[in-house]
Amino acid sequence: MNMSELITVDPDILGGTPVFKGTRVPVKTLFEYLEDSLSLDYFVETFPSVTRQQAAAVLELGLHQIEGGLHAPA
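Everything quoted here is computed from the prediction, not taken from an experiment.

1. So, the nonpolar core
Next up, step 1: In terms of nonpolar packing, the biggest core is built from 15 residues, with Leu6, Phe20, Leu30, Phe43, Val50, Ala55 and Val58 touching the most fellow members.
Next up, step 2: Counting only elements with at least two residues in this core, the list comes to α2 (27-35), α3 (40-46) and α4 (52-70).
Next up, step 3: The element contributing the most residues to this core is α4, with four residues.

Quick look at the structure:
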């Protein structure tokens, strides 16, 4: 999945905060849950409008963004 399939940024939804597509759940909330040592399963239980597949795909997308940046010419 690409970013536009996973994430929506719309000024009419939470003031333009990036959210999981089709929801009002901010993407940053996933990272906050993981930062607080909460599991991915707990996140999707808490926010049932986000599928485990969506959450995992956002994490994978983030990983690819980081890896791509690390391998880019300086």
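2. Quick word on the side chain of threonine 23
Next up, step 1: Note on placement: threonine 23 falls in the loop between β2 (19-20) and α2.
Next up, step 2: Apart from the residues lying within four places of it in its own chain, the contact partners of threonine 23 are Ile13, Ser49 and Val50.

3. Points about the side chain of glutamine 54
Next up, step 1: Structurally, glutamine 54 is set in helix α4.
Next up, step 2: Looking at glutamine 54, its side chain comes within polar contact range of the main-chain nitrogen of threonine 51, at 2.8 Å.
Next up, step 3: Excluding its chain neighbours within four sequence positions, the residues that come into contact with glutamine 54 are Leu6, Phe20, Lys21 and Ser49.

4. Digging into the packing of aromatic side chains
Next up, step 1: Evaluated as defined, the whole model comprises five aromatic pairs.
Next up, step 2: A ring pair is formed by tyrosine 33 and phenylalanine 47, whose centres lie 5.7 Å apart and whose planes are at 65°; its orientation type is edge-to-face. Here tyrosine 33 is found in helix α2, whereas its partner phenylalanine 47 is found in the loop between α3 and α4, with 14 residues between them in sequence.
Next up, step 3: Classification of phenylalanine 47 by relative accessible area gives partly exposed; the value is 22%.
Next up, step 4: Centre to centre, the rings of phenylalanine 43 and phenylalanine 47 are 5.1 Å apart; their planes meet at 45°, and the pair counts as tilted.
Next up, step 5: Taken together, the ring pairs connect Phe20, Tyr33, Tyr42, Phe43 and Phe47 into an aromatic cluster.

Rules used throughout
- Residues numbered from 1 in each chain as written.
- Predicted model: local features only at pLDDT ≥ 70, side-chain atom pairs only at ≥ 80, totals over all residues.
- Heavy atoms only, no water.
- Core = buried A, V, L, I, M, F, W, Y, C linked by side-chain atoms within 4.5 Å.
- Buried < 20%, exposed > 50% of the residue type's maximum accessible area, 1.4 Å probe, protein only.
- Helix = DSSP H or I, 4+ residues; strand = E, 2+ residues; numbered from the N terminus.
- Contact = heavy atoms within 4.5 Å.
- Polar contact = N/O pair within 3.5 Å; in protein donor to acceptor, adjacent residues only side chain to side chain.
- Phe/Tyr/Trp six-rings, centres within 6.5 Å; stacked < 30°, edge-to-face > 60°.

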